[in-house]
Amino acid sequence: MMIRDSQAGQDGPTTRAQTPPSGAAGVFAAVVHRWPTVLALALVVATFFDGVPPLGLLAGLLVSMPLCYVLFGALRGELRRPGVLPLQLAGLVGFVAVALIALAVDDTLGRYVLATGWLAHGVWDFAHHRADRVVPRAWSEWCCVVDAFGAVAIVVMA
């Protein structure tokens with residue numbers, strides 16, 4: 001980050017690099033800047049604290065994730081952009097298919113299928129975050145962290 005020096009020289013204003021705060025102030029600044037990540041990590045801990053939730057709940061969450069994207073896209077007018085609605089619907093169909101497959105196979109394999117689906121949705125979130133489209137950036141950041149760490153928890157705690 002560059003800031004303008006308050007004293008301009010003969011050649012005009014000068015710039016100098018602003019150093020980030022250190023110590024407790026630096027930690028606080030980082031938390032404030034990345035509040036979606038902090039909330040996401042708290043949700044993952046709360047969700048998986050006492051074990052992996054039932055497969056039906058995890059599959060339902062995998063279906064609800066892309067539904068939120070379609071809802072956000074509709075509310076923000078993003079679905080009117082060329083190609084956005086078909087892409088969001090394809091994502092919805094794909095994640096619903098993964099959830100249904102996970103429920104159709106035995107529980108052990110189902111957990112791995114769901115973990116793969118959750119991780120894939122984390123990639124979906126990351127792509128939306130980078131593109132800054134369809135959903136607010138804070139949402140895609142939050143969801144990416146929940147999905148990625150949730151997928152790891154599903155596999156590790158299975």
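Coordinates for the structure precede this section.
Note that the coordinates shown come from a computational prediction; the quantities given were computed from them, not determined experimentally.

### Some thoughts on a nonpolar patch on the surface
Then step 1. A cluster of nonpolar residues, Leu109, Tyr112, Val152, Val155, Val156 and Met157, forms a patch on the protein surface that exposes about 530 Å² of accessible area.
Then step 2. Elements with a contribution of two residues or more to the nonpolar patch: α5 (107-131) and α6 (137-156).
Then step 3. Of the residues forming the nonpolar patch, the biggest block, three residues, is contributed by α6.
Then step 4. Counting through the fold element by element, Val155 comes out in helix α6.
Then step 5. On the basis of relative accessibility, which here comes to 36%, the residue Val155 falls in the partly exposed class.

### Here's the deal with the environment of Ala59
Then step 1. Mapping Ala59 onto the fold places it in helix α3 (residues 55-75).
Then step 2. The class for Ala59 is buried, based on a relative accessible area of 2%.
Then step 3. Beyond its immediate stretch of four places on either side in the chain, Ala59 contacts Ala99, Leu103 and Leu114.

### Notes on the packing of α3 against α6
Then step 1. For the pair α3 and α6, interaxial distance at closest approach is 13 Å and the crossing angle is 165°. One finds that α3 runs roughly antiparallel with respect to α6. Two packed elements cross with a definite hand, and for α3 against α6 that hand is left-handed. Of α6, the residues touching α3 (which contributes Leu58, Met65, Cys68, Tyr69 and Phe72) are Trp139, Ser140, Cys143, Asp147 and Ile154.
Then step 2. Of the residues contributing to the contact of α3 with α6, the split by class is eight nonpolar, one polar and one charged.

### Describing the nonpolar core
Then step 1. Residues Phe48, Leu58, Leu62, Tyr69, Leu114, Trp118 and Ile154 are the most contacted members of the largest nonpolar core, which totals 28 residues.
Then step 2. For this core, the elements supplying multiple residues, two or more each, are α2 (35-48), α3, α4 (84-104), α5 and α6.
Then step 3. Ranked by residue count, the leading element in this core is α3, at seven residues.

### Remarks on unusual backbone geometry
Then step 1. The backbone phi angle of Asp132 is positive, close to 55°, even though this residue is not glycine.
Then step 2. Classification of Asp132 as partly exposed rests on a relative accessible area of 41%.
Then step 3. Here the phi dihedral of Val134 falls at roughly 70°; this positive angle occurs in a residue that is not glycine.
Then step 4. Tracing the backbone shows Val134 in the loop between α5 and α6.

Scoring rules and cut-offs
Residues numbered from 1 in each chain as written. Predicted model: local features only at pLDDT ≥ 70, side-chain atom pairs only at ≥ 80, totals over all residues. Heavy atoms only, no water. Patch = residues over 30% accessible without salt bridge, like charges linked within 9 Å, V, L, I, M, F, W, Y side chains within 5 Å. Areas by Shrake-Rupley, 256 points an atom, 1.4 Å probe, with all protein chains shown as cover. Salt bridge = Lys/Arg side-chain N within 4 Å of Asp/Glu carboxyl O. Helix = DSSP H or I, 4+ residues; strand = E, 2+ residues; numbered from the N terminus. Buried < 20%, exposed > 50% of the residue type's maximum accessible area, 1.4 Å probe, protein only. Contact = heavy atoms within 4.5 Å. Axes fitted to C-alpha atoms, helices over the stretch in contact; angles between N-to-C directions. Parallel < 35°, antiparallel > 145°, perpendicular 65-115°, else oblique. Left-handed = near helix turned anticlockwise from the far one by under 90°. Nonpolar A, V, L, I, M, F, W, Y, C, P; charged D, E, K, R; others polar. Core = buried A, V, L, I, M, F, W, Y, C linked by side-chain atoms within 4.5 Å.

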